[in-house]
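Below are the chains, spelled out letter by letter.
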Amino acid sequence: ADFGTAPSRKVVRQLEEAGYEAVFVGGAVRDHLLGKEASDFDIATSAMPEEVKQVFTHTIDVGIAHGTVMVMMDAEPIEVTTYRTESTYTDHRRPDEVNFVRSLKEDLQRRDFTMNALALTLNGELIDPFGGMEDLQASKIRAVGNASDRFHEDALRMIRAVRFSSVLGFEIEDQTLQAIEENAATIKHVSVERIKVEMDKLWKGSDPGKALSTIVDTRLSIHLPLFPNDARILSDCVPFATTEQGWSALMLAGHFSAGDVAKAYKLSNREKAFLSDVQAAFDKRQSSFFTIDDYYQFSLEVLIAAEKIWQAFHQGGTGIPVQEMTRMKESLPICSKDDLKVDGKDLMAWTSQRGGRWLGEWMEKIEYAVLHRDCPNDAEKIKEWFLNEYEHQK
Ligand code: ATP
Ligand code: MG
């Protein structure tokens, strides 16, 4: 099968017909060569941004200063970036300026790793000036050119190396690894947002354990916003099914609070709430198996995360299989207050009392009774149970 989507191939062809060079580059080429499903078919071209805009009728300036133009082709957005080099970096983050060039090789040279410095032409010819294919076949992550210089230029590349080792299960080549050790401290110049993007990819990778050990071994860990000093417990939790599981493991392995992790890595409110729940569920799990109340209070995802991490902490301890947790969760008589067959209005009608604090208190008692099967979730049965209890309390 041909590489790329029909619209992306059309974009390349039209650039060629207009007399320019155009090739596929980046992660999609790498993933394709690895036999994986590729997405994000990035295109690089010798055409200057203004020239790209002349070739196509519908374009959007998404990053014209960096040479990127979005071409709308058959209602699909295709990113086209002019071949470029990057000049001096003074802040370890982004180049002071980019220069557009007409040579593909120069463009490939500024890319981070050999496996990411591959280009594919429309007729399937691979352009590989830095031995990327060989490294791909050897499962090696190798910086293009002098690794230390490349990390010194842009510190984000160090975290990218680590995240690729998780996603692809690759080894970081020796000199590249050593260069991460040398430049580890410069990671503090990289914004938390960009680190978070890479960490989220790391969590979901196929070998996060290896990547996490590398973070500690290279001492990147001490310069990251927050990281456990010992990656062993963290590595024992792998693989992670979700990014939230990864962040939860980082929190518990480092004995951090949900608030600390959320603040350090700018987690969303939803992620922060998930971590708080995992912390609470984990604390419960430390003293016993989960109770009916725990199954009721926490989402299955939270319980699974807490249990997974508990098991990593307590090797040889008696774990709870996911199946069992799922069964417990599904067999609850109610999932939330909303499932109760009665509400406050019923209570007022039955007692001819006006609303007040007593309502909430009694609704809670009913919720507890139904959850613990002291009373079925049936309006008549609840009324009976309630009136009996209510009379008793008078
Ligand atoms: P993914 O599959 O996760 O998207 P990717 O390799 O496509 O991986 P992107 O961030 O989408 O990563 O970047 C696209 C390409 O741009 C990379 O393959 C690489 O060639 C280049 N690149 C991205 N970030 C950097 C960087 N910090 N330094 C040098 N080159 C980079
Ligand atoms: Mg990509």
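These figures come from a predicted structure and were not determined experimentally. (Residues numbered from 1 in each chain as written. Chains lettered and ligands numbered in written order. Predicted model: local features only at pLDDT ≥ 70, side-chain atom pairs only at ≥ 80, totals over all residues.)

(A) Representation of the overall build of the chain within the structure. When its secondary structure is counted, the chain shows 20 helices and eleven strands. In terms of principal-axis extent, the alpha carbons of the chain reach across some 90 × 50 × 40 Å. Looking at the chain as a whole, 38% of its 394 residues are labelled buried. Considering only contacts in the chain between residues 6 or more positions apart, those separated by 24 or more positions represent 61%. (Helix = DSSP H or I, 4+ residues; strand = E, 2+ residues; numbered from the N terminus. Buried ≥ 20, exposed ≤ 12 C-beta atoms within 10 Å, placed from the backbone. Contact = placed C-beta atoms within 7 Å.)

(B) Here's a closer look at the sheet that holds strand β2 (residues 42–45). Pairing within the open sheet is mixed, and its seven strands lie in the order β3-β4-β5-β2-β1-β8-β9. At either end of the open sheet lies a strand with only one pairing partner, and these are β3 (59–63) and β9 (126–127). Here strand β1 (residues 22–25) pairs with strand β8 (residues 119–120) via two bridges, running antiparallel. Its bridge partner being in β8, F24 is matched across the sheet by L120. Along the sheet, helix α1 (residues 6–17) contacts β1, β2, β4 (68–73) and β5 (76–82); its crossing angle with β5, the most-contacted strand, is approximately 40°. (Pairing = 2+ DSSP bridges. Axes fitted to C-alpha atoms, helices over the stretch in contact; angles between N-to-C directions.)

(C) The arrangement of helix α13 (residues 258–265) in detail. Regarding α13, the residues found buried are A258, V261, A262 and Y265. Burial along α13 is one-sided: seen end-on, the buried residues are contained in an arc of 100°. On its buried face, α13 is in contact with α9 (192–203), α12 (243–253) and α14 (269–287). (Arc of directions from axis to C-beta.)

(D) Structural view of the UniProt feature "domain: Poly A polymerase head" (unreviewed entry) in the chain. The sites that UniProt annotates as "domain: Poly A polymerase head" (unreviewed entry) are residues 24–142. With 22% helix and 30% strand, the stretch residues 24–142 has end C-alpha atoms that lie 21 Å from each other. (UniProt positions renumbered as here; feature names shortened; annotations may be inferred.)

(E) Representation of the confidence of the model for the chain. On average, residues of the chain score 95 in pLDDT, and 100% of them reach the 70 mark or higher. Listed scores for the predicted complex are pTM 0.92 and ipTM 0.99. (pLDDT = per-residue confidence, 0-100.)

(F) Spatial organisation of the site of ligand 1. Taken together, G26, G27, D40, D42, R111, D112, N116, D154, L156, R157 and K201 form the complete shell of residues around ligand 1. The class makeup of the residues in the shell around ligand 1 is one nonpolar, three polar and seven charged. (Near = placed C-beta within 6 Å. Nonpolar A, V, L, I, M, F, W, Y, C, P; charged D, E, K, R; others polar.)

(G) Focus on α12. Within α12, ten of the eleven residues are buried, which leaves the element mostly enclosed by the surrounding structure. Residues of α12 that are buried make contact with α9, α10 (208–217), α11 (232–236), α13, α14 and α16 (300–313). Just downstream of α12 lies H255, where phi reads positive at about 55°.

(H) Structural context of unusual backbone geometry. In the segment running from V238 into P239, the intervening peptide bond is cis, with an omega of -10°. The residue P239 is located in the loop between α11 and α12 in this model. We note that S352 has phi near 55°; this positive angle belongs to a residue other than glycine. Inspection of the secondary structure assignment puts S352 in the loop between α18 (344–351) and α19 (357–371). Phi at R373 is positive, roughly 60°, even though this residue is not glycine.

(I) A look at the domain arrangement of the chain. As assigned here, the chain comprises domain 1 (1–132) and domain 2 (338–393). Summarising the inter-unit geometry, the C-alpha centres of domain 1 and domain 2 are found 65 Å apart. (Domains from an automatic or database assignment.)

(J) View of the packing of helix α7 (residues 156–168) against α10. The N-to-C vectors of α7 and α10 enclose an angle of 155°; their axes lie 7 Å apart at closest approach. Considering the angle they form, α7 stands roughly antiparallel to α10. In this structure, the crossing between α7 and α10 has a hand that is right-handed. Along the contact surface, α7 presents V162, R163, S165 and S166, while α10 presents P208, K210, A211, T214 and I215. Looking at side-chain class alone, the contact of α7 with α10 contains four nonpolar, three polar and two charged residues. (Parallel < 35°, antiparallel > 145°, perpendicular 65-115°, else oblique. Left-handed = near helix turned anticlockwise from the far one by under 90°.)

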